Amino acid sequence: MYQKLTPKQKALTINLDPTIYGTFAEIGAGQETVRHFFRAGGASGTIAKAMSAYDKDFSDAIYGKEVKNRYVTQNRLRKMLRYEVALIEERISRENSPNRKFFSYANTVTTINFDKTVKGHGWVGIRFQVKENEDYNEIVIHVKFKENDATLQQETLGNLGVNLIFGAFTYFDNPRRLIESLYDDVATDNLEIDMIDFSGPAFAYVDNRLMSLQLVKNNMTDAVIFNSQGNNMLPADVLYKKNIFAVRGSFRPVTRVNIDMLKNGMDMFLKDAICTQEETEVLIEITISNLRADGDIDERDFLDRVDVLGKLGYTVIISNFSEYYRLIDYFSHYTNGDIGVAMGVNNMLMVFDEKYYKDLSGGILEAFGKFFRNGMRVYLYPYKDPETHELLNSENLKVAESLKELYKYFKLNNRIVDIKNYNPEFLEIYSREILRKISCNISGWEKQLPEGVAEMIKERGMFGYKEELSLKQFS
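Residues numbered from 1 in each chain as written. Predicted model: local features only at pLDDT ≥ 70, side-chain atom pairs only at ≥ 80, totals over all residues. Heavy atoms only, no water.

**Describing the overall build of the protein**
As a reminder, the rule being used: Secondary structure counts use DSSP, requiring at least four H or I residues in a row for a helix and at least two E residues in a row for a strand, with both numbered from the N terminus. Each residue's exposure class comes from its accessible area (1.4 Å probe, protein chains only) as a fraction of the maximum for that residue type: buried when under 20%, exposed when over 50%, partly exposed otherwise. In this description, contact between two residues means that some pair of their heavy atoms is separated by no more than 4.5 Å.
For the protein, the helix and strand inventory stands at 17 helices and 16 strands. Principal-axis analysis of the C-alpha atoms gives the protein an extent of 80 × 75 × 40 Å. In the protein, which comprises 475 residues, the proportion classed as buried is 53%. Long-range pairs, those at least 24 residues apart, make up 71% of the contacts in the protein between residues at least 6 apart in sequence.

**Some remarks on the domain arrangement of the protein**
Which entries qualify depends on this criterion: Delimitation of the domains relies on an automatic or database domain assignment. A quick way to say it: buried area is the sum, across both parts, of accessible area lost when two parts are put together, with a 1.4 Å probe. Within this document, salt bridges are pairs made up of a side-chain nitrogen of Lys or Arg and a carboxyl oxygen of Asp or Glu, the two lying within 4 Å of each other. Whenever a nitrogen or oxygen atom comes within 3.5 Å of another N or O atom, the pair is scored as a polar contact, on the condition that within protein one atom can donate a hydrogen and the other can accept it, and that pairs from neighbouring residues in sequence are kept only if both atoms are in side chains. Polar here means any residue outside two lists: the nonpolar Ala, Val, Leu, Ile, Met, Phe, Trp, Tyr, Cys and Pro, and the charged Asp, Glu, Lys and Arg; Gly therefore counts as polar.
As far as domains go, the protein holds domain 1 (5-205) and domain 2 (235-424). For domain 1 versus domain 2, the distance between C-alpha centres works out to 39 Å. With four residues of domain 1 at the contact, the number on the domain 2 side is four residues. Interface area, domain 1 with domain 2, both sides summed: about 300 Å², of which 27% is carbon and sulfur. Looking only at domain 1, the three residues that lose the most surface to domain 2 are Lys144, Arg176 and Asp194, adding up to 72% of its buried area. The interface formed by domain 1 and domain 2 includes one salt bridge. Notably, a salt bridge pairs Arg176 with Glu299, separated by 2.4 Å at the nearest N-O pair. One can count two residue pairs in polar contact (both at pLDDT 80 or more) joining domain 1 with domain 2. Taken together, the residues that form the side of domain 1 that touches domain 2 break down as no nonpolar, no polar and four charged.

**Some points on the pairing of strand β3 (residues 101-110)**
To keep it simple, the criterion reads: In this analysis, strands are considered paired if DSSP registers two or more bridges between them.
Counted residue by residue, β3 has nine buried out of 10 residues, so it is predominantly covered. Two strands pair when backbone bridges link them, and strand β1 (residues 20-27) and β3 are joined in this way by eight bridges, in the parallel orientation. By the bridge assignment for β3, Thr23 is matched with Ser104. Alignment of β3 against strand β4 (residues 121-128), held across eight bridges, turns out to be antiparallel. Note that in β4 the partner of Ser104 across the bridge is Arg127.

**Concerning the nonpolar core**
Going by this rule: Here, the term nonpolar core denotes a set of buried Ala, Val, Leu, Ile, Met, Phe, Trp, Tyr and Cys residues that are joined through side-chain atoms within 4.5 Å.
Formed by 97 residues in total, the largest nonpolar core has its most connected members in Ile139 and Ile318. Each of domain 1 (5-205) and domain 2 (235-424) contributes no fewer than three residues to this core. Leaving out residues up to four positions away in the same chain, Ile318 has contacts with Leu213, Val216, Asp222, Ala223, Val224, Phe226, Ile286, Ile288, Leu291 and Phe302. Ile244, Ile317, Ile328 and Ile416 belong to the second largest nonpolar core, which has 40 residues in total.

**What to know about the sheet that holds β1**
The criterion, for reference: The angle between two axes is taken between their N-to-C directions and runs from 0 to 180 degrees, where each axis is a line fitted to C-alpha atoms and a helix contributes only its stretch in contact.
An order of β2-β1-β3-β4-β5-β6 is seen for the six strands of this open sheet, with the pairing classed as mixed. Across the chains shown, the open sheet's two edge strands, defined by having one partner strand only, are β2 (47-51) and β6 (191-199). Taken over all neighbouring pairs, the strand axes of this sheet differ in orientation by 10° on average, direction set aside. Against the sheet, helix α5 (residues 150-170) contacts β1, β3, β4, β5 (137-145) and β6, and its axis sits at roughly 25° relative to β4.

**Some thoughts on the packing of aromatic side chains**
Condition: For Phe, Tyr and Trp, where Trp contributes only its six-membered ring, two rings pair if their centres lie within 6.5 Å, and the inter-plane angle classes them as stacked under 30 degrees, edge-to-face over 60, or tilted in between. In this scheme, the term charge over a ring applies when either NZ of a lysine or CZ of an arginine sits within 6 Å of the ring centre and within 35 degrees of the ring normal.
Under the counting rule described, the total for this entry stands at 29 aromatic pairs. With a centroid separation of 5.4 Å and an interplanar angle of 40°, the aromatic rings of Phe245 and Phe269 are classed as tilted. Linking Phe245 in strand β9 (residues 243-248) with Phe269 in helix α9 (residues 256-273), this pair joins segments that are 24 residues apart in sequence. Given a relative accessible area of 0%, Phe245 falls into the buried group. A relative accessible area of 2% means that Phe269 is categorised as buried. Between Tyr325 and Tyr357 the ring centres are 6.0 Å apart and the planes differ by 55°, which places this aromatic pair in the tilted class. One end of the pair, Tyr325, is in helix α12 (residues 324-332); the other, Tyr357, is in the loop between α13 (345-351) and α14 (363-371), and 32 residues separate them in sequence. The two residues Tyr325 and Tyr357 agree in class, both being buried. In this structure an aromatic cluster arises from ring pairing among Tyr324, Tyr325, Phe352, Tyr357, Phe368, Phe371, Phe372, Tyr407, Tyr409 and Phe410. Above the face of the Tyr324 ring, Arg248 is positioned so that its terminal group lies 4.2 Å from the ring centre.

This is how it looks when you write it as structure tokens:
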């Protein structure tokens, strides 16, 4: 465990380092970060400039206009960071300031509104050098405020800014610790960080997907999203006003069953929602509890799963939503569009198991009120019992006696519908059996995976795969 310093101690430590020198540009919530450095003492050797370009016209004159006049954006923040660093480089001679590491800190935020209907959010970042002659690094984060008072939100933002600046210069070689330090003197109940991005030479080895995983793992946010290229995405940018179709699974590895379920369920969803694929966001969800199924999270295994899904072109969401209703509730915060979920029979039985809702005051009824909201539909993929060979679907699914009428209600109102156009040959594909064959080097599993996936597993040695030794190697 590292020793936690107060914001004042952190600011003073930075101020007393003669090699650190930079600017502060804060828009939307006052000069909350830089005031810590002014108050700590010794700021004259650290702070080149502090500014707030509150007026939009004045801000545009400095940083340029934004598309659709949106100022609380990642693009705006990065413009601010790069403009301010360029200004330092232009105005401060390296010859007269040897050994100095320049930086620019910026934020563009909006705090809670007067009616308290919008909590507030913003972008916070730093562009900095680790060594005098080295290229710049950037850390950019998106925050969502949870407090119901603008003054408290401003104080939280100030503490976060100090933590980010101190962490950048102190923990740049340990991004995990840097992420943890962002919450020093900041409660997770007061602030959510739902996106983080590291770039630059100091972070050349950093996989931002793993950094996103840390946010969920440390309860800093409920979910993170990254696209098929592995880039971290802001959930609001991905989900806002979209129709959403999601599939949950372990995907260890992804099989033809998973793809069959997704594609056929998706076809039905598009017809039911009367929408196009361009109007719909398709998400593959993996829960933290799934990643922890075998104990601690294996980061290599996590990346293997995500890499395969990325190769297939899917956007991935990592969440801490053990229960399905929490996932739908999360989506509903971003969109009023249609939501559909494809799942197998076993997962449907878990949805109708009351033991998962004991912590809710309204029990299973409260959960279903959130789960089946706004016309949400479940697209059920059948299951073939490997022993009895019985085919289970929504027609013969057996839920608890006390829930039969509730199940019938959702079934009769087409909130639970069967995926009809499935491939019967895929019903005897079981991911655990495939995983056993891969780890034991038993052939025959390749054809049960989507095209190209088996080759990727073999090339990278995923999921315990070991290339079979030929007799020639021993001759």
